[in-house]
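A structural walkthrough
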Amino acid sequence: MDARVKELLPSPEEYNTLRAAVGWGTYDTAAVALSLPKSLFCVCACCDDRVVGMARVVGDATLVQYVQDVVVLPEFQNRGIGKSLMDAVMAYVGAHATDNSVVGLMSAKGKESFYERYGFVRRPNEQLGSGMTLFWKGTVHAR
Ligand SMILES: CC(C)(COP(=O)(O)OP(=O)(O)OC[C@H]1O[C@@H](n2cnc3c(N)ncnc32)[C@H](O)[C@@H]1OP(=O)(O)O)[C@@H](O)C(=O)NCCC(=O)NCCS
């Protein structure tokens, strides 16, 4: 069965299904419904009418673009779907970036080489500090 990559937002339920299938936490569907339409660009891989993968770009569409939620259902992995999703994402990014604008992502553990082929570099390195993430749990008091 071939999957077709097309510009499309998954439904909140489809989004959570994809996340859960790869062991990621799910979100409140109302929060997902607020979030996804604010994506700059979103592609889904569809097999018949089923969403089997997705990738999206968030940011300001010029100076800062972040690649998020690159995911393929386990039973559809290793068939080139992830690459097709990333090819579409990078085509969008390339059409909107300007010289030296930032294209970022937070790689999942062990997935770095999947992104290196698109020119992303690992951090930290000689010039750049670590990427950092905060999983929001409510009010944060600076220590
Ligand atoms: C990462 C992921 C999206 C790749 O999707 P996929 O459909 O299996 O990838 P593809 O079949 O298109 O593979 C594309 C290429 O990347 C390579 N690749 C796939 N997974 C890789 C990995 N973990 N590390 C390095 N390379 C990888 C493949 O070997 C393939 O190389 P080739 O073109 O030389 O044959 C998928 O494994 C996934 O959803 N993982 C769980 C969620 C996740 O961690 N997402 C990344 C978030 S940062």
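Quick caveat: nothing in here was measured; it's all calculated off a predicted structure.

Parameters and conventions
Residues numbered from 1 in each chain as written. Predicted model: local features only at pLDDT ≥ 70, side-chain atom pairs only at ≥ 80, totals over all residues. Heavy atoms only, no water. Patch = residues over 30% accessible without salt bridge, like charges linked within 9 Å, V, L, I, M, F, W, Y side chains within 5 Å. Areas by Shrake-Rupley, 256 points an atom, 1.4 Å probe, with all protein chains shown as cover. Salt bridge = Lys/Arg side-chain N within 4 Å of Asp/Glu carboxyl O. Helix = DSSP H or I, 4+ residues; strand = E, 2+ residues; numbered from the N terminus. Buried < 20%, exposed > 50% of the residue type's maximum accessible area, 1.4 Å probe, protein only. Phe/Tyr/Trp six-rings, centres within 6.5 Å; stacked < 30°, edge-to-face > 60°. Near = heavy atom within 4 Å. Polar contact = N/O pair within 3.5 Å; in protein donor to acceptor, adjacent residues only side chain to side chain.

Brief notes about a nonpolar patch on the surface
On the surface, Leu63, Val64, Tyr66 and Val102 cluster together to form a nonpolar patch covering roughly 320 Å² of accessible area. Its location among the elements puts Leu63 in the loop between strand 3 (50-59) and strand 4 (64-72). The partly exposed category is assigned to Leu63, whose relative accessible area is 49%.

Notes on the packing of aromatic side chains
Applying the stated criterion across every chain, the model contains three aromatic pairs. Judged by centre distance (6.3 Å) and plane angle (80 degrees), the ring pair of Tyr115 and Phe120 falls under edge-to-face. Assigned by exposure class, Tyr115 and Phe120 land together as buried. An aromatic cluster of at least three residues, connected via ring pairs, comprises Phe114, Tyr115 and Phe120.

Some thoughts on the site of the ligand
Taken together, 21 residues lie near the ligand, and Val70, Asn78, Gly80, Gly82 and Lys83 sit nearest. Val72 is positioned such that a nitrogen or oxygen atom in its backbone is 2.8 Å from an oxygen atom of the ligand. Contact between the ligand and Gly82: an oxygen atom at 2.7 Å from a main-chain N or O atom of the residue. Expressed as a share of its isolated accessible area of 900 Å², the protein-covered part of the ligand is 74%. Counting only elements with at least two residues in the shell around the ligand, the list comes to strand 4, helix 3 (81-96) and helix 4 (112-116).

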